[in-house]
Amino acid sequence: MTEKKETVRKTATATKAAGEKKAAPKRSVAKKVVFDINAESVGFKAGDVYQALATADKALTVAEIAKAAKITENETLLGMGWLFKEGKIKAEENKITLA
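Visitor: So what's going on with the pattern of salt bridges? Residues and values would help.
Guide: Counting across every chain of the model gives 2 salt bridges. A salt bridge links Glu 92 to Lys 90; its shortest N-O distance comes to 3.6 Å. Residue Glu 92 is classed as partly exposed on the basis of its relative accessible area of 45%.

Visitor: I'd like a description of the pairing of strand E2 (residues 95-98), backed by residues and values.
Guide: Alignment of strand E1 (residues 89-92) against E2, held across 4 bridges, turns out to be antiparallel. Directly across from Glu 92, in E2, lies its bridge partner Lys 95. Between the end of E1 and the start of E2, which pair antiparallel, lie 2 residues, with Glu 93 showing a positive phi angle near 55°.

Visitor: Would you mind going over the side chain of Thr 76 in detail, with residue names and values included?
Guide: Its location among the elements puts Thr 76 in helix H4 (residues 73-86). By relative accessible area, Thr 76 is classed as buried at 0%. Among the polar contacts listed, one links the side chain of Thr 76 to the backbone oxygen of Thr 72, at a separation of 2.8 Å. Ignoring anything within four residues of it in the chain, the contact list for Thr 76 reads Val 49, Val 62, Ile 65, Ala 66 and Ile 71.

What counts as what
Residues numbered from 1 in each chain as written. Predicted model: local features only at pLDDT ≥ 70, side-chain atom pairs only at ≥ 80, totals over all residues. Heavy atoms only, no water. Salt bridge = Lys/Arg side-chain N within 4 Å of Asp/Glu carboxyl O. Buried < 20%, exposed > 50% of the residue type's maximum accessible area, 1.4 Å probe, protein only. Pairing = 2+ DSSP bridges. Helix = DSSP H or I, 4+ residues; strand = E, 2+ residues; numbered from the N terminus. Polar contact = N/O pair within 3.5 Å; in protein donor to acceptor, adjacent residues only side chain to side chain. Contact = heavy atoms within 4.5 Å.

Here's what the structure looks like:
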């Protein structure tokens, strides 16, 4: 009688395992980039943007500036805001140049 109980348990466990759904593949989650927004850090981003534009010596898009400066587009926009306020850059047809 002991043998039957063990057999039943094994069968129930095997059936339960076979009936379980496979786990869904894990989705990759975009990394959240965090940076400080203060006068010093935005000033450094402005310097990065200015140097990228000065080195290129031509009008660049926001994406091109970000790539040249090796910063994110959000950081580029922060730096550009600083430079616009200072009158150091101007925009013409979605491209940015030094003023």
